[in-house]
Amino acid sequence: MTTPDIAARRVLGAIAALVVGTLTLSACGGNASADANTDGKGGSNTTAKTSTAKITISAKDGATNASINSTGVKVSDGTLTDVKMTVSGSGEAVDGAISADGGSWKPKEQLERGTKYQISATAKDDSGKTAAANSIFTTVTSSNSFIGTYTPDNGTTVGVGMPVSFNFDKVISDKKAVQSHITVTSSSGQQVVGHWFGTQRLDFRPQEYWKAGSKVTMKIDLDGVQGANGVYGVQKKTVTFTIGRSQVSTVDVNTQTMTVVRDGQTYKSLPISSGSPEHTTYNGQMVISEKFTQTRMNSQTVGLGGEYDIPDVPHAMRLTTSGTFIHGNYWYNKSNPPFGQTGTSHGCVGLADVQGAQGATNAKWFYDNSLIGDVVIVKNSPDKTVAPDNGLNGWNLEWSEWTAGSAA
């Protein structure tokens with residue numbers, strides 16, 4: 001039988017076992033930290049510490065409409081130590097760079113639309129503790145985004161008639177939102193206003209031609225701007241270009257001559273051959289939008305059947321989208337040159353030239369002395385005035401008409 005002393009010892013033994021068990025549970029439970037210090041009596045005189053560095057990846061994990069321009073990594077209360085970005089699936093690396101102060105990282109190139117990427121980033125705080133962040137996301141798709149192809153290009157020098165012109169790859173229903181996120185300013189101080197031609201083209205120009213020598217800055221801030229239901233912009237950049245000397249050339253169909261005026265002074269007079277009575281040349285202010293040392297011209301592309309197909313038209317400069325050029329002509333009747341005499345073309349303005357675009361011809365001189373954006377005015381033609389959206393020819397609208405087409 002059990003005596004009282006034996007029973008008491010068993011109870012004490014059980015209690016001791018419970019205490020040991022309790023101590024064991026306490027030692028295994030809770031958060032362990034390599035930074036915790038003991039005071040030598042089983043207690044702790046500090047709390048667990050984590051890095052104070054906070055990493056932010058702009059594209060949230062799982063996002064399906066991430067920006068192709070502004071996606072990147074930032075850190076506060078710390079510095080970035082490593083960022084890796086890859087194309088998910090293929091593992092192809094995306095080049096990027098950490099800023100000099102270690103506070104941010106961004107890709108070197110614009111991302112692709114509709115592509116899945118992964119970013120892994122690490123940083124450390126002032127005490128050397130490390131933080132990490134990861135994100136897997138997909139950039140906005142082509143079907144859910146819009147891009148504006150624009151002219152002129154960054155860093156170019158253009159003529160005084162060159163408008164800023166955007167052609168969007170989607171129909172824009174919120175014109176005000178889109179236009180308000182594109183600003184065009186000039187060092188000349190000229191007021192610049194946008195004008196919509198339909199739902200996919202937006203041009204900007206001042207009331208008068210640009211001042212010669214001025215600098216024009218275009219700021220595009222369309223990234224994330226909703227241009228239509230469920231369709232967002234993806235562009236964010238600044239473009240600058242320079243206005244060169246002023247050159248405006250006037251073609252007089254009555255006299256079949258072109259007078260070139262540079263910086264307000266008559267520079268040269270050239271004999272030309274305009275459109276024939278059957279194929280007259282448009283009147284109005286036209287802007288040179290493209291230049292080709294040689295190009296093919298086929299009448300079928302302008303709805304004139306098989307009347308001509310010339311594979312090497314020299315010194316060609318486009319004046320309208322519909323096919324009006326000022327160009328060299330080497331196939332004229334050498335025994336009776338039309339230049340300065342009569343109109344013989346299918347609507348273009350012709351200058352004497354030679355095959356191969358070589359030689360000191362009038363056409364070569366004008367080509368060499370012309371810039372994209374120079375103005376060519378045609379007057380006294382029996383034809384109508386060119387439509388303002390047929391090429392970069394918005395100068396044919398009165399200022400009141402131009403400003404009426406603004407959505408801002």
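Since the structure is predicted, the reported quantities are computational estimates derived from the model, not experimental observations. (Residues numbered from 1 in each chain as written. Predicted model: local features only at pLDDT ≥ 70, side-chain atom pairs only at ≥ 80, totals over all residues. Heavy atoms only, no water.)

Asks: What is the right way to look at the sheet that holds strand 21 (residues 265-271) in this model?
Replies: Adjacent strands of a sheet form backbone hydrogen bonds with each other and so pair up, either parallel or antiparallel. Across the sheet, five strands lie side by side as 21-20-19-27-22; this open sheet has mixed pairing. Each of the sheet's edge strands pairs with one partner strand only, and the pair in question is strand 21 and strand 22 (284-287). Here the average twist between neighbouring strands, direction ignored, is 20°. Here six bridges tie strand 19 (residues 247-252) to strand 20 (residues 257-262), and the two strands are oriented antiparallel to one another. Paired with Gln247 across the strands is Arg262, a residue of strand 20. (Pairing = 2+ DSSP bridges. Helix = DSSP H or I, 4+ residues; strand = E, 2+ residues; numbered from the N terminus. Axes fitted to C-alpha atoms, helices over the stretch in contact; angles between N-to-C directions.)

Asks: Explanation requested: the pairing of strand 5 (residues 104-107) in the structure shown.
Replies: Every second residue of strand 5 is oriented toward a common face, the buried set being Trp105 and Pro107 and the non-buried set Ser104 and Lys106. For strand 4 (residues 96-98) and strand 5, the ladder comprises three bridges, and the chain directions are antiparallel. Within the sheet, the bridge partner assigned to Ile98 lies in strand 5 and is Trp105. Between strand 4 and strand 5, which follow one another and run antiparallel, lie five residues, and Gly102 among them has a positive phi close to 75°. (Buried < 20%, exposed > 50% of the residue type's maximum accessible area, 1.4 Å probe, protein only.)

Asks: Would you take a moment to explain the pattern of salt bridges for this structure?
Replies: Any two side chains of opposite charge can pair, so long as their charged atoms come close to each other. Applying the stated rule across the entire model yields eight salt bridges. Put simply, Asp203 and Arg201 hold a salt bridge, and the shortest N to O gap is 2.7 Å. Here Asp203 matches Arg201 in class, with each residue buried. Among the salt bridges present, the one from Lys236 reaches Asp221, with a minimum N-O distance of 2.7 Å. Of the two residues, Lys236 sits in strand 18 (residues 236-243) while Asp221 sits in strand 15 (residues 215-221), which places them 15 residues apart along the sequence. Asp221 sits in the partly exposed class, given a relative accessible area of 32%. (Salt bridge = Lys/Arg side-chain N within 4 Å of Asp/Glu carboxyl O.)

Asks: Looking at this model, I keep getting lost on the pairing of strand 26 (residues 349-352). Mind explaining?
Replies: Along strand 26, one buried face is formed by Val349 and Leu351 and the opposite face, lined by Gly350 and Ala352, is buried too. Two strands pair when backbone bridges link them, and strand 25 (residues 325-329) and strand 26 are joined in this way by four bridges, in the parallel orientation. Residue pairing in the sheet places Ile326 in a bridge with Val349 of strand 26.

Asks: Sorry, what's going on with the nonpolar core here?
Replies: Side chains that are nonpolar tend, in soluble globular proteins, to be buried together. Within the largest apolar cluster, 33 residues are counted, with the highest numbers of intra-cluster contacts made by Phe166, Phe168, Ile182 and Met218. The residues touching Ile182, leaving out its near neighbours within four places in the chain, are Phe166, Phe168, Leu202, Phe204, Met218, Lys219 and Leu222. Among the nonpolar cores identified, the runner-up in size contains 25 residues, and Ala63, Ile68, Val75 and Ile119 belong to it. (Core = buried A, V, L, I, M, F, W, Y, C linked by side-chain atoms within 4.5 Å. Contact = heavy atoms within 4.5 Å.)

Asks: Where do I start with the packing of aromatic side chains in this structure?
Replies: Any two aromatic rings considered together are summarised by their centre-to-centre distance and by the angle between their planes. Going through the model one piece at a time under the given rule, you end up with 11 aromatic pairs. On the numbers, 4.9 Å between centres and 80° between planes, the contact of Tyr209 with Trp395 is edge-to-face. Placement of Tyr209 in the loop between strand 14 (201-206) and strand 15 and of Trp395 in the loop between strand 27 (375-379) and helix 4 (399-404) is noted, with a sequence separation of 186 residues between them. Judged by centre distance (5.9 Å) and plane angle (35°), the ring pair of Tyr267 and Trp365 falls under tilted. With Tyr267 in strand 21 and Trp365 in helix 3 (residues 362-368), this residue pair connects regions lying 98 residues apart in the sequence. What makes Tyr267 partly exposed here is its relative accessible area of 43%. The aromatic ring of Tyr367 is capped on one face by Lys291, whose charged end is 4.3 Å from the ring centroid. Taking NZ or CZ as reference, Lys334 lies 4.3 Å from the ring centre of Tyr332, over its face. (Phe/Tyr/Trp six-rings, centres within 6.5 Å; stacked < 30°, edge-to-face > 60°. Lys NZ or Arg CZ within 6 Å of the ring centre and 35° of its normal.)

Asks: Sorry if this is basic, but what is going on with unusual backbone geometry here?
Replies: The general pattern is negative phi for most residues beyond glycine and trans for most peptide bonds. Between Thr151 and Pro152 the backbone carries a cis peptide bond, its omega angle lying at 5°. By secondary structure assignment, the location of Pro152 is in the loop between strand 9 (148-151) and strand 10 (157-158). Despite not being glycine, Asp77 shows a phi value in the positive range, around 55°. Among the residues examined, Asp77 registers a relative accessible area of 52% and is labelled exposed. A positive phi angle is found at Asp263, which is not glycine, with a value near 50°. Mapping Asp263 onto the fold places it in the loop between strand 20 and strand 21.

Asks: Looking at this structure, how should I read the sheet that holds strand 12 (residues 182-186)?
Replies: Pairing is mixed in the open sheet, where four strands are placed in the order 10-18-15-12. Either end of the sheet is taken by a strand with one partner, and the two such strands are strand 10 and strand 12. In this sheet, strand 18 lies alongside strand 10 in parallel orientation, the contact comprising two bridges. Across the sheet, residue Val158 finds its bridge partner in strand 18, namely Ile243.

Asks: Before we go on, may I ask you to explain the environment of Ile272 in this structure?
Replies: Tracing the backbone through its elements, the reader meets Ile272 in the loop between strand 21 and strand 22. Look at Ile272 and you get buried, because its relative accessible area is 0%. In sequence terms Ile272 and Leu351 are 79 residues apart; their C-alpha atoms lie 5.1 Å from each other. Not counting residues within four places of it along the chain, the set of residues in contact with Ile272 comprises Val251, Gln256, Thr257, Met258, Pro338, Phe339, Gly340, Val349, Gly350 and Leu351.

Asks: Just checking my understanding: could you explain the confidence of the model for the chain for this structure?
Replies: Mean pLDDT for the chain: 89, with 86% of residues reaching 70 or above. Contacts from residues 1-48, a stretch scored under 50 in pLDDT, to residues over four places away or in other chains number 15 contacts. (pLDDT = per-residue confidence, 0-100.)

Asks: I'm lost on the side chain of Ser345 in this one. Help?
Replies: Here Ser345 is to be found in the loop between strand 25 and strand 26. A residue is classified by how much of its surface remains accessible, and Ser345, at 14% relative accessible area, is buried. Within the local environment of Ser345, its side chain forms a polar contact with the backbone nitrogen of Gly347, the two atoms lying 3.1 Å apart. Residues contacting Ser345, with those up to four places away along its chain left out, are Ser273, Ser274, Gly275, Ser276 and His279. (Polar contact = N/O pair within 3.5 Å; in protein donor to acceptor, adjacent residues only side chain to side chain.)

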